[in-house]
Structures are given as C-alpha cells and as structure tokens.
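Chain residues, written in single-letter form:
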Amino acid sequence: MTTIDWPELSYASWRDTLVTLQLWTQVVGKIRLSLTPWLNHSWQVPLYVTAHGLGTTPIYYGSDALEFEFDFLRSQLRVRSSADQERTLPLEAQSVADFYIRLMQLLRELNVKVSINELPCELLQPIRFSQDRVHASYDAEAVRRFWRVLLQADRVLKLFRSGFIGKASPVHFFWGSFDLAVTRFSGRRAPLHPGGVPGLRDEVTREAYSHEVSSAGFWPGNEAYPHAAFYSYAYPEPAHYRDYALAPPGRYEDSLHEFILPYEAVRTASDPDALLLNFLAGTYAAAADNAHWDRQGLECPLGVPGRVRPLG
C-alpha cells in the first residue's frame, strides 16, 4: 500500500463540509428510518460504502423499492426506484434547508410519501433540517478523500469481520455518529445502558446495546476530538480493559472511553493493513479476554477469497 491508497484527511481542512455532509446523510437516513421496519440494534438505518460513495439497500414503499446513493465521484445524490424512475440532486455548496426541501420535492415527483423527524440526531444544539441555513459548505475534493479513506477502512474491517463466526454486524456507516463500524457480540445480554446520548432517545440506545459487544470502526473526528481515527470499545467495559498492553501508536483515550489508533499513523505506516488489523485484533482481545468470551467457539481464521471456510 502507498499513501495514495490512504489519502491525507485532516479534520480541520474540511470541518465545515464534514458537518454539512453529516446532516445531508441524516436526511436520507431518516427517510430510510421512516419507511423501514425496525431491525435489531438499528441495523435497518445505516448507509454502506459503495464504489462511488455511500448508499442504501432497497427501501420499500408499497410494492415498489427506492434506493439512494451519495455519488461522490459525480457529486450528486442519485435516487432511483423499481418503477424505473431516477432523479439526481447536485452535491454542491447549499444549505441543509435547501437540500432537504429539494430532496422532499424530488420524492414527491417519484410519488413517495414520507415524513421525518427533522431534528438531527447525536448533535449538540440541533437545528431543524428545513430551517438550517447555517451549514452550507461542500468541498467535493475533500469529500472524495474521505470516501477513499472509507473504501480502505471498509475493506480491512470486512476482512477482520471474516474471522468471527458468532453474531456480528455488517460493516455499515451510521449517519448519526458519522462513523463506519463493525460489531462483534459475545452472545450474552448486557446491563441496561444508561442512555444520555445527545439527540437520541434512550430507548434507541438501550436497544442498540442490549447485548455485550466489542465494536470497532473509523471516525473522521469532531470538535471535541478533532482528529480522524480508528476506534474500538466494549460495552459493558470489563475490568482491566483499558489497561490492556496495546502496541503503540494505539492507546486508550480516557476522554472517549475507547481505544484509539490515529488515522495519520495508519496512513503513513509501512504496512497500513497490518497495523490496523493488529489494532482491531488486540482491542477485541482486550474485550473478549477480560470479559471471558467463548473465543474458541466464536472465532475462526480470516477469510480467503474463493476458499470455503474450513471447519474446526
């Protein structure tokens, strides 16, 4: 791998665009939320990395289906339906309010009737989508760099996921927290989560963390932690978890209550894949060993293309 494969991604360089894009993805995500039956741990709502950006799986309305894709190569939101209709919305400098209004008009043209809760999730001081003329930035090149990072992260996280035969989430992009994540489950129930996530109902948080997990992913940062990073955490956090002897530059970040591997360290490593896989394996081991997971029954070798998983 080269640094071209893992592009530079400084939070400060695209902060305003990041916030605007996050809010746009929340509009699309909430449309999906409104039309899709609830699935365990909110797995019905995320987006997925695509060959051009971020997209949904089919969303059903009546007997028809609808798909959205943020096409970052062509700088447009593509909306297509099983009724053989397609519309596009330019991804350009525009307010969240204008994006929301134009997208809802586009859906009306496709005869899709939907209403959503306009308040953003997991953000402090949220502004209703239809009233937000504060966030209006779009740097297309910065967004393409972000997507290229997501492509690489998605690839490695999917390889990591292949080494687990217990219950595991897909590798998916949550528009609320704006991160790409994959989660492993021990199979045991977890204590009731205390909730308290800004802009997220406690019942949603508690359902998401109903079972014991080790979760990892990639996050581009925010104002409280303005750095792109890979992360890993456990819920509930077992005793001695944070004391696990993780190889640097990975570390436990007290302010976030999770392990962190700076994206810049991965990008500039001689072998980015190996560094990231070691971080993912080590932080999972910290959770599984300290919480006494049945590792022998839950794990398997990493998958190999075209080769059937051998039975132990």
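Here the structure is shown first, and the text comes after it.
Attention in this report is confined to the structure presented alongside it. (Residues numbered from 1 in each chain as written. Predicted model: local features only at pLDDT ≥ 70, side-chain atom pairs only at ≥ 80, totals over all residues. Heavy atoms only, no water.)

Here we take up the packing of aromatic side chains. Under the defined criterion, the tally for this structure stands at 24 aromatic pairs. Ring geometry for Trp24 against Phe99: centres 4.9 Å apart, planes inclined by 10°, an arrangement best described as stacked. Taken as a pair, Trp24 in helix α1 (residues 15-35) and Phe99 in helix α2 (residues 96-109) lie far apart in primary sequence, 75 residues in all. Phe99 sits in the buried class, given a relative accessible area of 0%. A centroid spacing of 6.4 Å and a plane angle of 15° characterise the contact between Phe70 and Phe99, whose relative ring orientation is stacked. Remark: Phe99 occurs in helix α2 and Phe70 occurs in strand β4 (residues 64-71); sequence separation between them is 29 residues. Relative accessible area serves as the criterion here: at 1%, Phe70 is assigned to the buried category. Following the ring pairs from residue to residue traces out a cluster consisting of Trp24, Phe70, Phe72, Phe99 and Tyr138. The cationic tip of Arg148 hangs over the ring face of Trp147; the distance from NZ or CZ to the ring centre is 5.5 Å. The side chain of Arg184 reaches across the aromatic face of Phe160, ending 3.8 Å from its centre. (Phe/Tyr/Trp six-rings, centres within 6.5 Å; stacked < 30°, edge-to-face > 60°. Helix = DSSP H or I, 4+ residues; strand = E, 2+ residues; numbered from the N terminus. Buried < 20%, exposed > 50% of the residue type's maximum accessible area, 1.4 Å probe, protein only. Lys NZ or Arg CZ within 6 Å of the ring centre and 35° of its normal.)

For the rest of this paragraph, the subject is unusual backbone geometry. Cis peptide bonds are those with omega within 30 degrees of zero, and the linkage from Tyr235 to Pro236 qualifies with -10°. Mapped onto the fold, Pro236 is located in the loop between β10 (229-235) and β11 (251-253). Cis geometry is found at the peptide bond from Pro248 to Pro249, where omega equals 10°. Here Pro249 lies in the loop between β10 and β11. The residue Ser42 is not glycine, and still its phi comes out positive at about 60°. The backbone of Glu122 shows a phi angle near 60°, a positive value even though the residue is not glycine. Positionally, Glu122 belongs in the loop between α2 and α3 (140-161).

What follows covers the side chain of His193. Checked against the element boundaries, His193 lands in the loop between β8 (179-189) and α4 (202-208). Only 2.9 Å separates the side chain of His193 from the backbone nitrogen of Gly195, close enough to count as a polar contact. (Polar contact = N/O pair within 3.5 Å; in protein donor to acceptor, adjacent residues only side chain to side chain.)

All right, on to the nonpolar core then. Formed by 82 residues in total, the largest nonpolar core has its most connected members in Phe68, Leu77, Leu103, Leu107, Phe218 and Phe230. By residue number, the principal contributor to this core is α3, which donates 11 residues. When residues no more than four places from it in sequence are discounted, the contact partners of Phe218 are Leu9, Phe146, Val149, Leu150, Ala153, Asp179, Leu180, Ala228, Ala229, Phe230, Tyr231 and Tyr263. Counting residues in each nonpolar core, the second largest holds 7 residues, with Ala181, Tyr225, Ala229 and Tyr233 among its members. (Core = buried A, V, L, I, M, F, W, Y, C linked by side-chain atoms within 4.5 Å. Contact = heavy atoms within 4.5 Å.)

Attention shifts here to the pattern of salt bridges. Here the structure, examined in full by the defined rule, presents 20 salt bridges. Across the pair Lys158 and Asp154 runs a salt bridge whose closest N-O atoms are separated by 3.0 Å. Placement of the pair is Lys158 and Asp154 together in helix α3, with a separation of 4 residues, close to one helical turn. The buried category is assigned to Asp154, whose relative accessible area is 8%. A salt bridge links Arg242 to Asp254; its shortest N-O distance comes to 3.6 Å. Note that Arg242 is positioned in the loop between β10 and β11 and Asp254 in the loop between β11 and β12 (258-262), a separation of 12 residues in sequence. Arg242 sits in the partly exposed class, given a relative accessible area of 35%. Linked through salt bridges whose partners overlap, the residues forming this network are Arg15, Asp16 and Glu223. (Salt bridge = Lys/Arg side-chain N within 4 Å of Asp/Glu carboxyl O.)

Quick look at the pairing of β10 now. A large share of β10 lies buried, amounting to 7 of its 7 residues. Pairing of strand β9 (residues 211-219) with β10 involves 7 bridges; the strand directions are antiparallel. Along β10, the bridge assignment pairs Phe218 with Phe230. In terms of strand pairing, β10 meets β12 through 4 bridges, oriented antiparallel. Following the sheet pairing, Ser232 is matched in β12 by Phe259. (Pairing = 2+ DSSP bridges.)

As a further point, take the environment of Glu253. Considering the arrangement of structural elements, one finds Glu253 in strand β11. Separated by 165 residues in the primary sequence, Glu253 and Thr88 have C-alpha atoms spaced 41 Å apart. Setting aside anything within four residues of it in sequence, one finds Glu253 in contact with Tyr225, Glu258 and Ile260.

Glancing now at the pairing of β9. In terms of burial, β9 is largely enclosed, as 8 of its 9 residues are buried. Examined bridge by bridge, β8 and β9 share 7 bridges and lie antiparallel to one another. Bridge pairing in β9 links Ala181 to Gly217.

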